Amino acid sequence: MKLTFNICIVFSILLSACACRKTTSSSTETNNSSNPTANEPVKTEVAFWLTKGDQSELLKKQNVALNFAEATNANPTIEVDPGTTFQTIDGFGYTLTGGSATLINTLPATDKDKLLNELFGSEETGIRVNYIRVSIGASDLSANPFTYNELQNGETDESLSKFSIEKEQADLIPVLQKIVAINPAIKILGSPWTAPTWMKTNKSFIGGSLKPEYYQTYAKYLVKYIQAMKAEGITIDAITPQNEPLHPGNNPSMYMEAIDQANFIKTALGPIFKSSGITTKIIVYDHNADKPEYPITILNDAEAKKYVDGSAFHLYAGPISALTQVHNAHPDKNVYFTEQWVGGPSNFGEDLKWHVSTLIVGATRNWSKNVLEWNLAADQNYNPHTDKGGCTSCLGALTITPGISRNVAYYVIAHASKFVPTGSVRIASNITSNLQNVAFKTPEGKIVLVVCNNNNSETAFNIKYNGKIVSSNLAQGAVATYVW
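This text gives an overview of the structure that appears in the document. (Residues numbered from 1 in each chain as written. Predicted model: local features only at pLDDT ≥ 70, side-chain atom pairs only at ≥ 80, totals over all residues. Heavy atoms only, no water.)

In terms of residue burial, strand 8 (residues 281–288) counts as a mostly covered element, since seven of its eight residues are buried. Across two bridges, the pairing between strand 7 (residues 238–239) and strand 8 is parallel. Counted as the bridge partner of Ala238 is Lys281 from strand 8. Relative to strand 9 (residues 310–314), strand 8 is paired through five bridges, and the arrangement is parallel. Across the sheet, residue Val284 finds its bridge partner in strand 9, namely Ser311. (Buried < 20%, exposed > 50% of the residue type's maximum accessible area, 1.4 Å probe, protein only. Helix = DSSP H or I, 4+ residues; strand = E, 2+ residues; numbered from the N terminus. Pairing = 2+ DSSP bridges.)

Further remarks concern the environment of Ser275. Along the polypeptide, Ser275 turns up in helix 6 (residues 258–275). Accessibility expressed as a relative area gives 63% for Ser275, which makes it exposed. In this structure, the C-alpha to C-alpha distance between Ser275 and Asn375, residues 100 residues apart in sequence, is 34 Å. For Ser275, the side chain forms a polar contact with the main-chain oxygen of Ile272, separated by 3.2 Å. (Polar contact = N/O pair within 3.5 Å; in protein donor to acceptor, adjacent residues only side chain to side chain.)

A few words on the packing of helix 2 (residues 98–105) against helix 4 (residues 172–182). Where helix 2 contacts helix 4, the axes come no closer than 8 Å and their chain directions differ by 75°. Taken as axis vectors, helix 2 and helix 4 run roughly perpendicular relative to one another. Only Leu172, Pro174 and Val175 of helix 4 make contact with helix 2, whose side of the interface consists of Ala101, Ile104 and Asn105. The class makeup of the residues in the contact of helix 2 with helix 4 is five nonpolar, one polar and no charged. (Axes fitted to C-alpha atoms, helices over the stretch in contact; angles between N-to-C directions. Parallel < 35°, antiparallel > 145°, perpendicular 65-115°, else oblique. Contact = heavy atoms within 4.5 Å. Nonpolar A, V, L, I, M, F, W, Y, C, P; charged D, E, K, R; others polar.)

A separate point is the state of the cysteines. Tallied over the entire structure, the rule returns one disulfide. Each sulfur of the disulfide joining Cys391 and Cys394 lies 2.1 Å from the other. Looking along the S-S bond of the Cys391-Cys394 disulfide, the torsion reads about 105°, which is the right-handed sense. Given the relative accessible area of 14%, Cys391 is considered buried. When its relative accessible area of 3% is taken as the criterion, Cys394 is described as buried. (Disulfide = S-S within 2.5 Å.)

Moving on, we come to helix 4. Of the positions making up helix 4, those classed as buried are Leu172, Ile173, Val175, Leu176, Ile179 and Val180. Looking down the long axis of helix 4, one finds its buried residues gathered within 160° of arc, a one-sided arrangement. (Arc of directions from axis to C-beta.)

Dropping the structure here:
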């Protein structure tokens, strides 16, 4: 009996100990859940979004405290000066090619709406793309070449009675209408790859030149395009007279020398825009930075210049500094950057570093009011594209298979578009220790600094503003956007 009694006492003590341990454990869990954790937002004056070349971070907001202080250290310092201002920014975005529109429009309705809101919605819900380019007629990333006034061999239509944008009703116009509904203020640039073939010297989609006897007719064709799109609720903010006028091998394409573009503008396009009440901007050139003399030749012609808003560039040849050369020659005219492709398959880290440093930073530091990457979307085989001249390896910012994956150009543009709305102004910042950067002041008064670490190792640095500094560091090849 005594043994039994003792066993009962021991058993009771063990039960009590277990209960105590359980109570203590529960109490600890409750206390931990009420305390701050590493996942809770820290208090910071500077918000910080990061993308790394190894894709371990993709436009991810960092939970770190970056607060300005009166401090000194030996790190390189990027000083941001809002008192020194440059050009006003129109926006950042992509070309919505015909193929891109087709792929997006084939998505299920819910997925399509979600994607378009992600791309064109507010900063809170997406990446806030605020500038897009479309082709007037087909581009080489359409399934087939076409214009809005193609005829049988030997026919002409100088009255443009057979003009029709019906081919755009299937995909491009419905997608554009959804985009405009999301962001009514979005800026849209239209670029033709060719005039209707009956207006050309070789009667072909590829190459050839616009016949001078059709200058007036082609100008009216472009007016009818702008008016037809307006009737669909789509405002074309600007056009270029010809995409890549010195590249007649594309499909479609059309060759146009600088003197011919100047003559077309001053004798036809400009006067007809004016008489028709068209306020759409005329932006010249729209080709590589290796030929700054092309836009300068047009702008040196006073009669052509009075109709021209500015010049547009691509960077498949030449230095980005050519944009400043054109700006300095005609500082009263604007500069735009309208196309750069990513070749597939992409080297994400190298492409991220080059495109941000050369375009987001380089183009805007050379007076560009916008930065546009090339095609918004392609499938896993880089389709659709035209035969015999269409790009066979252009990687979209999105790959639609029909699932959606986001590629390097998505993040290149997003690091600016999400944070720099239309009407922002570029402000001064110095480049130091291979930390490529550019700064903006938004209409709301926020400061935005985009930085790319082009060093071969992680780099610690300071951001100086109003006499105080905040310290940060970036991995090799990483891109960050800082906002305060």
